[in-house]
Every structure is written in C-alpha cells, then in structure tokens.
Amino acid sequence: SVFRFGSGASVQGGVGHWLPGGTLCWIRDYFGPPLPTMLARFWPDLPEEELERAVATFREHYDAEGCRKSVLFPGVAQALATLEAAGIQMFVLTNKRTRPTMAIVELTDIRRYFRAVVSPDSVAPPFPTKAAGALALRQKYGLDAGGTLLVGDGTDDGEAAAAAGFRFVAAG
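This structure is a prediction, so every number in the text was calculated from the model and none was measured. (Residues numbered from 1 in each chain as written. Predicted model: local features only at pLDDT ≥ 70, side-chain atom pairs only at ≥ 80, totals over all residues. Heavy atoms only, no water.)

**Student:** Can you walk me through the overall build of the chain in this structure?
**Tutor:** In terms of regular secondary structure, the chain is built from seven helices and six strands. The proportion of buried residues among the 172 residues of the chain is 39%. Across the chain, every contact between residues at least 6 apart in sequence was considered, and the portion connecting residues at least 24 apart equals 58%. Approximately 9,500 Å² of the chain is accessible, and the part contributed by carbon and sulfur atoms is 56%. (Helix = DSSP H or I, 4+ residues; strand = E, 2+ residues; numbered from the N terminus. Buried < 20%, exposed > 50% of the residue type's maximum accessible area, 1.4 Å probe, protein only. Contact = heavy atoms within 4.5 Å. Areas by Shrake-Rupley, 256 points an atom, 1.4 Å probe, with all protein chains shown as cover.)

Here it is as structure tokens:
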C-alpha cells in the first residue's frame, strides 16, 4: 500500500457510533478485504441487517471525511516518479469504491502516475473480487502476466496476482 488510508478514522468513527466510547487499537490487521468482510471480522455475531447498517455508516463517514485523511507513506511520490521516468506502466487495483479512491489519488497528487484506477465499481456489474479486477486489467491492457508485478498488502492482493499470473510482492 502506498497510503496511510483514512479507513482507520472511518472505522473508528463507526465504532464511536455503534459503541460510544469504544476504541479499536488493533484495526490495522483487518484492512484489505472488501468492507463487508472486514466489518464482519470485527463483529462476527452481528446480524446481517446490522452489518449492512455498519457498512453504510462507514461509507458515509469515509466518503465525507476518512478518505481525505489519507496520506502517502514517505518516499512514495519519489518512487512513483522514478518508475514513471523508467517507462513503467502503473495501475491502481483496489477494493475501495471509485469515488473515495479517486479523491485519494487526486488529493495526494499521484493520479498522473497511473494509467488506470480500477475499483470494484469501475464496471457494471461490479467486480466480485480483486482477482476479477486483476484479470480484467491484464486483458484490457494486454499485460504480460510474467512481466507484471502486483504490489499489495493483503492476502487478496496475493490471490489477485496468482489469478492473473502476475508476480507478487507483499508490502506494508
């Protein structure tokens, strides 16, 4: 991951809504999978309708505030500039919806480095998995599977790389 995402702020905002006065100091280990999966890990016994409300609460907070708290890790902007100068094609493949993802890449001034930004809702119907998004990227841009490196910070990133035949490096 190249960002310190504002997701933590939005999860904490949701915790404040659902558990007033509660905190989650261990949330970093839960990030990566799609939001409903992530929140179900926090609250495995939460009824489905409550989980749906928790997802809606998170998204409302994240779209309004959380995504705007995302900052780049030190050295990321320089690394992206170096890769661009070397002629490396770069893409964003994320579980985040398009709206907050685009806000993040614009606010952090890195959109120009990426040929495409792919979110589950980049297509209709949405990609069901990150692996489906990786396969679509490979096909649409004619990416050489063995010559493509996917850098990610979650198990779903490794699964996406494997599905598309990309090499994988775990970061974070």
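**Student:** Help me out: how do you make sense of the pattern of salt bridges in this one?
**Tutor:** For side chains bearing opposite charge, pairing can occur when the charged atoms are close. The full count for this structure, using the stated rule, is six salt bridges. With its nearest N and O atoms 2.7 Å apart, the salt bridge here joins Asp63 to Arg97. Pair noted here: Asp63 is in helix H3 (residues 48-64) and Arg97 is in the loop between strand S3 (91-93) and helix H5 (98-107), with a separation of 34 residues, a long-range link. Given the relative accessible area of 21%, Arg97 is considered partly exposed. Here Asp157 ties to Lys130 by a salt bridge, and the two come within 2.5 Å at their closest N and O atoms. You can see Asp157 sitting in helix H7 (residues 155-164) and its partner Lys130 sitting in helix H6 (residues 130-141), a full 27 residues away along the chain. With a relative accessible area of 10%, Lys130 lands in the buried category. The network of salt bridges with shared partners includes Asp63, Arg97 and Arg99. (Salt bridge = Lys/Arg side-chain N within 4 Å of Asp/Glu carboxyl O.)

**Student:** What exactly am I supposed to notice about the nonpolar core here?
**Tutor:** Among soluble globular proteins, nonpolar side chains are generally buried collectively. One finds Leu93, Ala134, Leu137, Leu150, Ala160 and Phe166 to be the most contacted residues of the largest nonpolar core, which totals 15 residues. At the level of secondary structure, the elements contributing two or more residues to this core comprise S3, strand S4 (116-118), H6 and H7. At four residues, H6 tops the list of elements feeding residues into this core. Ignoring any residue separated from it by four or fewer positions in sequence, one finds Ala160 in contact with Leu93, Lys130, Ala131, Ala134 and Leu150. Counting 12 residues, the second largest nonpolar core, distinct from the first, contains Val55, Phe58, Cys67 and Ile104. (Core = buried A, V, L, I, M, F, W, Y, C linked by side-chain atoms within 4.5 Å.)

**Student:** What's the story with the packing of helix H2 (residues 35-42) against H3 in this structure? I'm lost.
**Tutor:** A packed helix pair is summarised by two numbers, namely the angle formed by the two axes and the spacing between the axes. Running from N to C, H2 and H3 cross one another at 115 degrees; their axes reach a closest spacing of 10 Å. Here H2 and H3 pass one another in a crossing that is right-handed. Of the residues in H3, those in contact with Leu35, Pro36, Met38, Leu39 and Ala40 of H2 are Leu51, Ala54, Val55, Phe58 and Arg59. (Axes fitted to C-alpha atoms, helices over the stretch in contact; angles between N-to-C directions. Left-handed = near helix turned anticlockwise from the far one by under 90°.)

**Student:** Please clarify how the packing of aromatic side chains should be interpreted in this entry.
**Tutor:** Two descriptors summarise a pair of aromatic rings, namely the distance from one centre to the other and the angle between the planes of the rings. For the coordinates displayed, the defined rule picks out three aromatic pairs. Taking 5.4 Å as the distance between ring centres and 10 degrees as the angle between the ring planes, the aromatic pair formed by Phe58 and Tyr62 counts as stacked. Of this pair, Phe58 and Tyr62 both sit in helix H3, separated by four residues, roughly a single helical turn. Here Phe58 matches Tyr62 in class, with each residue buried. Judged by centre distance (4.9 Å) and plane angle (55 degrees), the ring pair of Phe91 and Tyr141 falls under tilted. On the criterion of sequence distance, the pair formed by Phe91 in strand S3 and Tyr141 in helix H6 is long-range, its members being 50 residues apart. (Phe/Tyr/Trp six-rings, centres within 6.5 Å; stacked < 30°, edge-to-face > 60°.)

**Student:** I keep staring at the environment of Val123 and nothing clicks. Help me out?
**Tutor:** Residue placement: Val123 occurs in the loop between S4 and H6. With a relative accessible area of 34%, Val123 lands in the partly exposed category. Separated by 25 residues in the primary sequence, Val123 and Thr98 have C-alpha atoms spaced 10.0 Å apart.

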